[in-house]
Amino acid sequence: GSLSTWSVVDPISTSCSIPLGKSGRMRKILCVDSDWSLSASGGFFAYAEATDKGTVQVVAADLATAAISRFAVARPRREVPTAVGDSLLQRRLRGAPPEVRDELSRLKPPASYPVFRDILAGSDGTVWLEVGDLTTTATTWLGVDRSGKTLGEFILPPQSTLHAIGFGTAWASAEGPD
């Protein structure tokens, strides 16, 4: 078949947000339910969605050939310690405007960390998922091929951002003291 159009809607989902004020929404703490990425070359697209069973469902598409793959990546759910959840909730409340604090105070701390935090489509057709529990400043990336087979993991140092990846090379930047 041919692949002529991809349409991706990227609002804050209702499963990961709460109504805020009269017309807004605010993301729940530690909630990631889906995300998408287009490779730096523009030729490869990947979409990931977390499930309640601790897996990440991935749809990947080669935009030149219209080849589409679907697979699941198993990631164990890890519990959020009560003290960490309470601390994150209090931090969110402190930074909130007074008119929305009542709504935010009804939030419950999350029971588990998200199974993934971000996705990056590699220019070589690989899919990279940022996994981890947000308790460290370093980030861990898990790579899989188009069949879902694990290729490996790597850890970026604190204050680093992964921008592109493919053909055995990752491009990242890091914030420094300057």
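Above: the structure in question.
Residues numbered from 1 in each chain as written. Predicted model: local features only at pLDDT ≥ 70, side-chain atom pairs only at ≥ 80, totals over all residues. Heavy atoms only, no water.

Some thoughts on the sheet that holds strand β9 (residues 139–144)
Strand pairing in a sheet takes place through backbone hydrogen bonds and is either antiparallel or parallel in direction.
Okay, step 1: Taken in spatial order, the four strands of this open sheet run β7-β8-β9-β10, and their pairing is antiparallel. Of all the strands in the sheet, the pair left with one neighbour each is β7 (118–121) and β10 (150–156). If you compare each strand with its neighbour and ignore which way they point, the axes differ by 20° on average.
Okay, step 2: Pairing between strand β8 (residues 127–131) and β9: five bridges, direction antiparallel. By the bridge assignment, Glu 130 is partnered in β9 with Trp 141. (Pairing = 2+ DSSP bridges. Helix = DSSP H or I, 4+ residues; strand = E, 2+ residues; numbered from the N terminus. Axes fitted to C-alpha atoms, helices over the stretch in contact; angles between N-to-C directions.)

Focus on the pairing of strand β4 (residues 44–50)
Note on strand geometry: in a regular strand, side chains alternate between the two faces of the sheet.
Okay, step 1: With respect to burial, β4 is a largely interior element, five of its seven residues being buried.
Okay, step 2: Between the antiparallel neighbours strand β3 (residues 34–38) and β4 lie five residues, among them Gly 42 with a positive phi of about 80°.
Okay, step 3: When β4 meets strand β5 (residues 55–62), the two strands line up antiparallel, connected through seven bridges. Residue pairing in the sheet places Glu 49 in a bridge with Gln 57 of β5.
Okay, step 4: Counted along the chain from β4 to the antiparallel partner β5, the turn is four residues long, and its residue Gly 54 has a positive phi close to 80°. (Buried < 20%, exposed > 50% of the residue type's maximum accessible area, 1.4 Å probe, protein only.)

So yeah, pure geometry; function would need other evidence.
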